[in-house]
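# Close look at the chain arrangement
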Amino acid sequence: MTIRPNSNDGVYVLSYGGGVNTTALMIYLIKKEMPLDMVVFADLGSELPETYEHLEIAKDYLEKHGIPFKVIKVDVAGGGLYEGCERRKVIPSQLWRWCTRDYKVKPIFRFYKSLGTHVYQYLGIDYGEIQRVKKSTESYVTNLFPLVDAKIDRKGCIDLINKEGLPVPVKSGCFFCPFNNLDRWEYIYKNHKDLFDRAIRLEENSKHFPEQKLNAHPLRELNDSFSNGRFILEKEKPEDNLCDGYCML
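From a predicted model like this one, the values you see are computed outputs, not experimental measurements.

### Comments concerning helix α4 (residues 98-114)
The α-helix winds at 3.6 residues per turn, so residues separated by three or four positions along the chain end up facing the same way. The end-to-end C-alpha separation of α4 is 23 Å, in line with the 24 Å expected for 17 residues at 1.5 Å each. Taken as a whole, α4 carries its principal kink of about 30 degrees at Val 105; the proline Pro 107 stands between one and four residues after it. Within the span of α4, buried status applies to Trp 98, Cys 99, Thr 100, Tyr 103, Lys 104, Pro 107, Ile 108, Phe 109, Phe 111 and Tyr 112. A positive backbone phi angle near 70 degrees is found at Gly 116, which sits one or two residues after α4.

### Some thoughts on the nonpolar core
Residues Leu 81, Tyr 112, Phe 175, Phe 176, Trp 185 and Phe 196 are the most contacted members of the largest nonpolar core, which totals 41 residues. At the level of elements, β1 (11-15), β2 (38-43), α3 (81-88), α4, α7 (182-191), α8 (193-205) and α9 (219-227) are the ones that each hand at least two residues to this core. When residues of this core are assigned to their parent elements, the largest contribution, 7 residues, is made by α4. Sequence-distant contacts of Phe 176, that is, excluding residues within four places in its chain, are made with Ser 46, Leu 81, Tyr 82, Cys 85, Pro 92, Trp 185, Ala 199, Leu 202 and Leu 214. Counting residues in hydrophobic clusters, the runner-up holds 26 residues, among them Leu 14, Ala 24, Phe 41 and Cys 157.

### Quick word on the sheet that holds β2
The strand order across the open sheet built from 5 strands is β3-β2-β1-β4-β5, with neighbouring strands paired in parallel fashion. Edge positions in the sheet fall to β3 (69-73) and β5 (141-144), since each of these pairs with one other strand and no more. Looking at each pair of strands side by side, their axes are set apart by 30 degrees on average, direction ignored. Sheet topology places strand β4 (residues 119-122) next to β5; 4 bridges connect them, and they run parallel.

### Observations concerning the side chain of His 192
Positionally, His 192 belongs in the loop between α7 and α8. With residues near it in sequence (within four places) discarded, His 192 still touches Leu 48, Pro 49, Glu 50 and Tyr 187.

### As for the packing of helix α1 (residues 20-31) against helix α6 (residues 154-164)
Look at α1 against α6: their axes get within 9 Å of each other, and the N-to-C directions meet at 60 degrees. In terms of their interaxial angle, α1 and α6 are classed as oblique. Crossing hand, α1 versus α6: left-handed. Counting all contacts with α1, which are made through Val 20, Asn 21, Thr 23, Ala 24, Ile 27, Tyr 28 and Lys 31, the residues of α6 involved are Arg 154, Cys 157, Ile 158, Leu 160, Ile 161 and Glu 164. For the contact of α1 with α6, a count of residues per class yields 8 nonpolar, 2 polar and 3 charged.

### Considerations on the confidence of the model for the chain
Per-residue confidence for the chain gives a mean pLDDT of 90; residues scoring 70 or more make up 88%. Taken together, the stretch residues 1-7 has pLDDT below 50 and engages in 20 contacts with residues farther than four places along the chain or on a different chain. Below pLDDT 50 for its whole length, residues 236-241 participates in 19 contacts with residues either more than four positions away or in separate chains.

### Details of a nonpolar patch on the surface
On the surface, Tyr 127, Ile 130 and Val 133 cluster together into a nonpolar patch covering about 240 Å² of accessible area. Here Ile 130 shows up in the loop between β4 and β5.

### Some words on the packing of aromatic side chains
On inspection of all chains with the given rule, the structure shows 14 aromatic pairs. Plain terms: the ring middles of Tyr 12 and Tyr 122 are 6.1 Å apart, the flat faces sit at 35 degrees to each other, and that makes the pair tilted. With Tyr 12 in strand β1 and Tyr 122 in strand β4, the pair connects residues that are 110 residues apart, well separated along the chain. Pair check on accessibility: Tyr 12 and Tyr 122 agree, each one buried. Between the aromatic rings of Phe 109 and Tyr 140, the centroid separation amounts to 6.3 Å while the plane-to-plane angle is 65 degrees, which identifies the pairing as edge-to-face. Of this pair, Phe 109 sits in helix α4 while Tyr 140 sits in the loop between β4 and β5; the two residues are 31 residues apart in sequence, bridging distant segments of the chain. On the basis of relative accessibility, which here comes to 10%, the residue Phe 109 falls in the buried class. Site record: aromatic cluster; members linked through ring pairs are Phe 109, Phe 111, Tyr 112 and Tyr 140. The ring centre of Phe 41 lies 5.3 Å from the NZ or CZ of Lys 104, which sits over that ring. Geometry around Tyr 82 places Arg 198 over its ring, the cationic atom sitting 4.1 Å from the centre.

Definitions and limits used
- Residues numbered from 1 in each chain as written.
- Predicted model: local features only at pLDDT ≥ 70, side-chain atom pairs only at ≥ 80, totals over all residues.
- Heavy atoms only, no water.
- Helix = DSSP H or I, 4+ residues; strand = E, 2+ residues; numbered from the N terminus.
- Expected span 1.5 Å × (residues − 1).
- Bend = angle between axes of the 7 residues up to and from the residue.
- Buried < 20%, exposed > 50% of the residue type's maximum accessible area, 1.4 Å probe, protein only.
- Core = buried A, V, L, I, M, F, W, Y, C linked by side-chain atoms within 4.5 Å.
- Contact = heavy atoms within 4.5 Å.
- Pairing = 2+ DSSP bridges.
- Axes fitted to C-alpha atoms, helices over the stretch in contact; angles between N-to-C directions.
- Parallel < 35°, antiparallel > 145°, perpendicular 65-115°, else oblique.
- Left-handed = near helix turned anticlockwise from the far one by under 90°.
- Nonpolar A, V, L, I, M, F, W, Y, C, P; charged D, E, K, R; others polar.
- pLDDT = per-residue confidence, 0-100.
- Patch = residues over 30% accessible without salt bridge, like charges linked within 9 Å, V, L, I, M, F, W, Y side chains within 5 Å.
- Areas by Shrake-Rupley, 256 points an atom, 1.4 Å probe, with all protein chains shown as cover.
- Salt bridge = Lys/Arg side-chain N within 4 Å of Asp/Glu carboxyl O.
- Phe/Tyr/Trp six-rings, centres within 6.5 Å; stacked < 30°, edge-to-face > 60°.
- Lys NZ or Arg CZ within 6 Å of the ring centre and 35° of its normal.

This is the structure:
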């Protein structure tokens, strides 16, 4: 399939997050032979190594089907999100979600606008998240939700990936995301201690610390808790896909 920037029908784009839902949606679109002109991923430079490895798998899969994979390198005033937070002495906020807005949504939509035609954007929201279905706020973009339309839930997404013989990806999202629950912080601590330490430095570098933190407790306390094999909080219920269809999918 090729890009049709001058087509009256517009272009069909999958906004890819590197996680379970958008990987399942990628497979679903291809298997159902639905229109798909390209797959777009906004790279903030702060995903886990496993996600970057999975992107290569997705890229190879798409290449076999003749579908372009476009990586949008986000460089806002020099560097990615981590460097921007470091420079401004802030951390991402659950309340304002400026990081998603400035480092994912805006760059993706700038790219869409550059295509010069209407964009039909596939978003990886599954049937269990139907409450998150929203219309696009831009007139030149129409949001599409095939997983919801087909009533495919999270389990169905995993089944799609397994049946296609692809590895099920880890949850995507920045390693210093304020929406990380204790399970994910523990995973990062055990598997990527260097990134956990970078998250601690970023949190403590913030001009709003300790009032504003990346977790209910400072990460240094979590570090001590994990190192002692105990938890200072009860395990939370995992929360997925918290960034409006652009992160953790």
